[in-house]
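Understanding the architecture of this molecule
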Amino acid sequence: MNIKFATFNLFQFTAPPFSWYFKKDKFTKEQWEKKLSWIKNQIKLMDADIIGFQEVFSIEELKELCKELGYEYFLNVDTPDINKKNPTIYTTTVLALASRFPIISNKNVRYDINSIKKHNFKEKFAFSRIPIKAIIELPNKTKIAVYVNHLKSNRLNEFEYIFKKSTTLKEKIEKTKLALENNFSSALKQRLIEASSLHMDIKESKIPTIFLCDLNDKEYSMTIDALTNKAYHEELEQDEFILFDAYNYYKKEVYNPHPEQKEIKRTPTSYYFSDENVIDFIFVSDDLKEKIVLYEVFDKHLKRNRNGTLLESDHAQVVCEIDIN
């Protein structure tokens, strides 16, 4: 049967009268209704069976919205922190998952001590957002593992290398070695430990696995290697992957391509000034990678406004349809 999965960064999903981070940053009632209306329409357009959400502050409001749209099952594993001096200000976001099919269990994802040591992390470690790992039973009785994640962002705009498809893992490690050893990029270090810890958890999975995320890092980044590639963690001569970018396994069609066009340009999911970035991904386990039926990026709102708007989102939504027997 074909199942649709989606990842959706909601961009400060905060119901009034609450604020996000600062007192002045909040929606009026009218603005909130407009944002809810846009999100509902977007979810209807995506028509996904299972959705992973990022940037959730108002959990109950999202749960109610999803239930209204036919998502009977909903999961969150954490609650946002609140400002100690002002209880109407949220200071952290959380993740959520909505499903049309039963969520039969949720599992803890623990940080990996060896990964903390490997990356020379001296402070007390915690995930920037606690990951969701849900076991879902499909109508055909197949059980799948669905992860929802939002990895550490580079808020301070620390320097981070941008790699190409041709860059080898060895080259990536060499280029970032100095920055990691000297703490020049604390956000990258945190993100790599998060990705590594998730890798260690996922590699033990015995059932089909889908990973929905705002990676906060780019295509061909070392974060993707830490998440997907055994060679990042072990002394291997060749790459050995446990997860695969679903985009690369969807057979894309090109109509009237230019003769010099070698491949289709990937649609960005986020913009930063003039930079086009792919930071929202759906990864799948080896048993699913040849079963990708559809891969679609919903980005019409970003074509109108590259930076997005708080009444919509500053990310594109990614949907992947998979034939799961």
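These remarks concern the structure in this document. Every chain's residues receive numbers from 1 upward, in the order its sequence appears when written. Confidence filtering applies because this is a predicted model: local features only for residues at pLDDT of at least 70, side-chain atom pairs given and counted only at 80 or more, and all residues used for totals across whole chains, interfaces and linings. Where side-chain values are given, they derive from all heavy atoms of the structure, hydrogens and water being excluded.

**Comments concerning the nonpolar core**
- Residue types Ala, Val, Leu, Ile, Met, Phe, Trp, Tyr and Cys, when buried and joined through side-chain atoms within 4.5 Å, form a set referred to as a nonpolar core. Exposure is judged per residue with a 1.4 Å probe applied to protein chains only, and the accessible area is read against the type maximum: over 50% gives exposed, under 20% gives buried, and values in between give partly exposed. Grouped together as the largest cluster of nonpolar side chains are 31 residues, with contacts concentrated most on Phe8, Ile43, Ile51, Phe53 and Leu62.
- Numbering of helices and strands runs from the N terminus, with a helix taken as a DSSP run of H or I at least four residues long and a strand as a DSSP run of E at least two residues long. Listed by contribution, the elements that provide at least two residues to this core are strand E1 (2–13), helix H1 (29–46), strand E3 (50–56), helix H2 (59–68) and strand E6 (94–99).
- In terms of residue count, H1 provides more of this core than any other element does, six residues in total.
- We call two residues in contact when some of their heavy atoms are within 4.5 Å. The residues contacting Leu62, other than those within four sequence positions of it, are Leu10, Phe13, Phe53, Val56, Phe74 and Ala96.

**Details of unusual backbone geometry**
- Omega for the peptide link from Pro16 to Pro17 comes to 15°, which places this bond in the cis form.
- Tracing the backbone through its elements, the reader meets Pro17 in the loop between E1 and strand E2 (19–20).
- Notably, Asn120 is not glycine yet its phi reads approximately 55°, a positive angle.
- On the secondary structure map, Asn120 appears in the loop between helix H3 (113–118) and strand E8 (132–137).

**Thoughts on the packing of aromatic side chains**
- Here is the rule: rings of Phe, Tyr and Trp (six-membered ring for Trp) pair when centre to centre is within 6.5 Å. Planes less than 30 degrees apart are stacked, more than 60 are edge-to-face, and the remainder are tilted. By the definition in use, this model includes 18 aromatic pairs.
- Ring centres of Phe121 and Phe125 lie 5.6 Å apart, and the angle between their planes is 85°; on these two criteria the pair is classed as edge-to-face. Neither residue differs from the other here; Phe121 and Phe125 are each classed as buried.
- Taken together, the ring pairs in this structure connect Phe13, Trp20, Phe27 and Trp32 into an aromatic cluster.
- When the ring centre of Tyr232 is taken as origin, the NZ or CZ atom of Lys118, which lies over that ring, is 3.8 Å away.
- Of note, Arg266 hangs over the ring of Tyr247, and the distance from its end group to the ring centre comes to 4.0 Å. The criterion for a charge sitting over a ring is simple: Lys NZ or Arg CZ within 6 Å of the ring centre, and within 35 degrees of the ring normal.

**Overview of H1**
- Given a helix with a known number of residues, its expected span is that number minus one, times 1.5 Å. In this model H1 runs 26 Å from its N-terminal to its C-terminal C-alpha over 18 residues, within 8% of the 26 Å that 1.5 Å per residue would give.
- Taken as a whole, H1 has its buried residues at Trp32, Lys35, Leu36, Trp38, Ile39, Gln42, Ile43 and Met46. Seen from one end, H1 has its buried residues packed into an arc of 165°, which puts them on one side. Turned more than 90 degrees from where H1 packs its buried face, Lys29, Glu30, Lys44 and Leu45 sit exposed.
- Buried residues along H1 sit against E1, E3, H2, strand E15 (292–298), helix H7 (300–304) and strand E16 (317–323).
- At the C-terminal side of H1, Asp47 shows a positive phi close to 50°. Working note: the arc is built from the helix axis to C-beta atom directions.

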